[in-house]
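Each chain, letter by letter, is given below.
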Amino acid sequence: MFGQYFGQYLLQKRIITPEALLEVLEYQKTVNLKLGLLAVNAGLMTPVQVETVHHAQRQRDQKFGEIAIEFGFLTPGQLEELLRTQKRGHLLISQALIDKNILTLQELESALKSFKDTGMSSQMENLQSADIDALVRNAIDLGSDAETSYDYIALMLRNVIRFLGEEPVIVPGLPAIDGAPRTIIQEVSGEIKLITGLIMSEEAFIGLARRFSGEVIEEINELADAAVGEFLNLHNGLFLVNMSNRGIELQLSPQKVVTGLQSHQPGEIISLGLTLGNIGFLFRKNATL
Amino acid sequence: MDDGLKALICDDSLLVRKQLRDILTDCGCIVVEAADGKAAVDAFAQHRPDVVFMDIVMPVYDGLEALRRIKETDPSARVVMVSSAGTKNNLIQAIEMGAADFLQKPYDRNQIFQVINRFKTGGGL
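Residues numbered from 1 in each chain as written. Chains lettered and ligands numbered in written order. Predicted model: local features only at pLDDT ≥ 70, side-chain atom pairs only at ≥ 80, totals over all residues. Heavy atoms only, no water.

1. Digging into the overall build of chain A
Phase 1 of the analysis: The secondary structure content of chain A amounts to 13 helices and seven strands.
Phase 2 of the analysis: Across the 289 residues in chain A, those meeting the buried criterion constitute 51%.
Phase 3 of the analysis: Put simply, of all contacts in chain A between residues at least 6 apart along the chain, 66% involve residues at least 24 apart. (Helix = DSSP H or I, 4+ residues; strand = E, 2+ residues; numbered from the N terminus. Buried < 20%, exposed > 50% of the residue type's maximum accessible area, 1.4 Å probe, protein only. Contact = heavy atoms within 4.5 Å.)

2. Here we look at the overall build of chain B
Phase 1 of the analysis: Along the backbone of chain B there are five helices and five strands.
Phase 2 of the analysis: Listing each helix as α and each strand as β along chain B from the N terminus yields β-α-β-α-β-α-β-α-β-α.
Phase 3 of the analysis: Since a compact globule built from 125 residues should have a radius of gyration of about 14 Å, the 13 Å found for chain B is in line with a globular shape.
Phase 4 of the analysis: Dimensions along the principal axes, computed over C-alpha positions, put chain B at roughly 35 × 30 × 25 Å.
Phase 5 of the analysis: For chain B, long-range pairs separated by at least 24 residues make up 62% of all intrachain contacts whose partners lie at least 6 apart in sequence.
Phase 6 of the analysis: Surface accessibility of chain B: about 5300 Å² in total, with carbon and sulfur atoms responsible for 49%.
Phase 7 of the analysis: Separation between the mean location of the 15 positive side-chain charges and that of the 18 negative ones in chain B comes to 1 Å. (Rg over C-alpha atoms; globule rule 2.2 N^0.38 Å. Areas by Shrake-Rupley, 256 points an atom, 1.4 Å probe, with all protein chains shown as cover. Lys, Arg positive; Asp, Glu negative; His and termini not counted. Charge placed at Lys NZ, Arg CZ, Asp CG, Glu CD.)

3. Re the nonpolar core
Residue and element names in this part refer to chain A.
Phase 1 of the analysis: Membership of the largest hydrophobic core comes to 54 residues, with the highest contact counts inside it found for Val136, Leu198, Leu208 and Phe231.
Phase 2 of the analysis: Setting aside residues up to four positions removed in sequence, Val136 forms contacts with Tyr150, Ile153, Ala154, Leu157 and Ile170.
Phase 3 of the analysis: Residues Leu10, Val50, Leu103 and Leu112 belong to the second largest nonpolar core, which totals 33 residues. (Core = buried A, V, L, I, M, F, W, Y, C linked by side-chain atoms within 4.5 Å.)

4. Some words on the side chain of Asp36(B)
Residues and elements named next belong to chain B.
Phase 1 of the analysis: Take Asp36: it is sitting in the loop between strand E2 (30-34) and helix H2 (37-47).
Phase 2 of the analysis: At 7.1 Å, Lys38 is the nearest oppositely charged side chain to Asp36, a buried residue that forms no salt bridge.
Phase 3 of the analysis: A distance of 2.7 Å separates a polar side-chain atom of Asp36 from the backbone nitrogen of Ala39.
Phase 4 of the analysis: Those residues in contact with Asp36 that lie beyond four places of it in its chain are Met58, Pro59 and Val60. (Salt bridge = Lys/Arg side-chain N within 4 Å of Asp/Glu carboxyl O. Polar contact = N/O pair within 3.5 Å; in protein donor to acceptor, adjacent residues only side chain to side chain.)

5. Remarks on the pattern of salt bridges
Phase 1 of the analysis: Tallying each qualifying case throughout the model produces 17 salt bridges over all chains.
Phase 2 of the analysis: Between Arg69(B) and Glu65(B) there is a salt bridge, with the nearest N and O atoms lying 2.7 Å from each other. In this pair, Arg69(B) and Glu65(B) are both assigned in helix H3 (residues 63-73), four residues apart and thus about one turn of the helix distant.
Phase 3 of the analysis: Residue Arg69(B) is classed as partly exposed on the basis of its relative accessible area, which comes to 30%.
Phase 4 of the analysis: For Glu65(B), a relative accessible area of 24% translates into the label partly exposed.
Phase 5 of the analysis: Across the pair Arg68(B) and Glu72(B) runs a salt bridge, and its minimum N-O distance is 2.6 Å. Here the residue Arg68(B) and the residue Glu72(B) both occupy positions in helix H3, the gap between them amounting to four residues, near one helical turn.
Phase 6 of the analysis: Linked through salt bridges whose partners overlap, the residues forming this network are Glu230(A), Asp11(B), Asp55(B) and Lys105(B).

6. Concerning the packing of helix H11 (residues 147-164) of chain A against helix H13 (residues 222-245) of chain A
For any two helices packed against each other, one specifies the crossing angle of their axes together with the interaxial distance.
Residue and element names in this part refer to chain A.
Phase 1 of the analysis: With their axes 10 Å apart at the nearest point, H11 and H13 run at an angle of 130° to one another. Classified by the angle their axes make, H11 and H13 are oblique. Remark: the crossing between H11 and H13 carries right-handed chirality. On the side of H11, the interface is formed by Thr148, Tyr152, Leu155, Met156, Asn159, Val160, Arg162, Phe163 and Leu164, while H13 contributes Phe231, Leu234, His235, Asn236, Leu238, Phe239, Asn242 and Met243.
Phase 2 of the analysis: Here the residues of the contact of H11 with H13 sort into eleven nonpolar, five polar and one charged. (Axes fitted to C-alpha atoms, helices over the stretch in contact; angles between N-to-C directions. Parallel < 35°, antiparallel > 145°, perpendicular 65-115°, else oblique. Left-handed = near helix turned anticlockwise from the far one by under 90°. Nonpolar A, V, L, I, M, F, W, Y, C, P; charged D, E, K, R; others polar.)

7. What to know about the pairing of strand E4 (residues 79-83) of chain B
Moving residue by residue along a regular strand, the side chains alternate between the two faces of the sheet.
Residue and element names in this part refer to chain B.
Phase 1 of the analysis: When you tally the buried positions in E4, you get five out of five residues, the bulk of the element.
Phase 2 of the analysis: Burial along E4 is two-sided: Val79, Met81 and Ser83 facing one way and Val80 and Val82 facing the other are all buried.
Phase 3 of the analysis: Pairing between strand E3 (residues 51-54) and E4: three bridges, direction parallel. Looking across to E4, one finds that Val52 is bridged to Val79.
Phase 4 of the analysis: With H3 bridging E3 and its parallel neighbour E4, the resulting β-α-β unit is right-handed.
Phase 5 of the analysis: Pairing between E4 and strand E5 (residues 101-104): four bridges, direction parallel. From the neighbouring strand, Val80 faces E5, where its bridge partner is Asp101. (Pairing = 2+ DSSP bridges. Right-handed = clockwise from strand over helix to strand, strands pointing away.)

8. Quick look at the packing of aromatic side chains
All names here are of chain A.
Phase 1 of the analysis: Evaluation of the coordinates by the stated rule reveals six aromatic pairs over all chains.
Phase 2 of the analysis: With centroids separated by 4.6 Å and ring planes inclined at 85°, the aromatic side chains of Tyr152 and Phe239 adopt a geometry described as edge-to-face. With Tyr152 in helix H11 and Phe239 in helix H13, the pair connects residues that are 87 residues apart, well separated along the chain.
Phase 3 of the analysis: Over the ring of Phe205 we find Arg182, and its NZ or CZ is 5.4 Å from the ring centre. (Phe/Tyr/Trp six-rings, centres within 6.5 Å; stacked < 30°, edge-to-face > 60°. Lys NZ or Arg CZ within 6 Å of the ring centre and 35° of its normal.)

9. Description of H3(B)
Residues and elements named next belong to chain B.
Phase 1 of the analysis: Within the span of H3, buried status applies to Gly63, Leu64, Ala66, Leu67, Ile70 and Lys71. Buried residues of H3, seen end-on, are gathered within an arc of 155° and therefore sit on one face of the element.
Phase 2 of the analysis: The N-terminus of H3 is capped by Asp62, whose side-chain oxygen sits 3.1 Å from the backbone nitrogen of Leu64. (Arc of directions from axis to C-beta.)

10. Comments concerning the pairing of E2(B)
Residue and element names in this part refer to chain B.
Phase 1 of the analysis: With five bridges connecting them, strand E1 (residues 6-10) and E2 associate as parallel partners. What sits directly across from Cys10, in E2, is Ala34.
Phase 2 of the analysis: Once the chain exits E1 it traverses helix H1 (residues 14-26) before rejoining the sheet at E2, and the crossover so formed is right-handed.

The values are spatial; any link to function lies outside them.
Structure representation (structure tokens):
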């Protein structure tokens, strides 16, 4: 998943082309991580130091780690940690980018640094440790007295993982949607009043419908609408069950497909980055249709 | 599993109807469908199914209203509620109105098989 998110970031920043990304994602399945790359990623060595070790390796039969320790670039403890990391495999895309000569080590270092600065990387670490609540609270400021809102959004992320097999990233700002967006909305009523919805491009809509349903869906049609609608309905239904367990009984209305719905207030759309495309998650409080 | 039970699926989602129909067909059921609560009541009167799978959140009549009307028509009707909204209120109302079972979405094929097997052997709740 890291590869897809980092790849998506590289695409958005026009650092690589879509064709190059596809080539790399395919290639990364076959490559092994190299220690120098891990050391740069961990901030333990500079690209110049890695190249120095590589140069030395060409002249003598020694392992990378041994030379790096000899030159004082790494401590034995750091090497041990890097070797453990090497087995995790989440940096395969970086190795593939180097092997395919798409980025230099310096360019990769720069791209990784800016990627981490966006906060997307730390979100992924939270996802990997399944700390979804922390992820939501780190990524979004809903102000005080917003426990239910945080819970609702955290549940959405868990459901994206559970039902779509995705590891979503909360992206700052409104979702970048190509063309006319397609939107499914559903109203929650009772003690808590919400208008909820999923807003996305037609391409992402079809992708989500296909992923959730497991059906062959190639275009926008009634089955695609039903699949995305059922995903939202399932999520909202589970929210109702959670609230019911806390003694708060809520009701749901049938989902609807709408076009337009452009007049969003600040903070009422959470933008999720998924491999199938960006999704705007509408969450309008104290509102009815 | 060729028991020949007639099953009525009531759900406004085309996807749910399609996937549930596939499972029930594998169970040997004859399947009829309705896309809202009122259509479900009409379909029940017309087809007299052996078992009804009823969503709750639906247009026109919701599933609980459809359940109430079906039970008025036929107190022995076997209606299984199938919903993502398995709240305490919905559960209590469904049971008080005489629902035979309540399946929380997402369900799996085995749960549907179990329901059909139970009805095939004459079981209820």
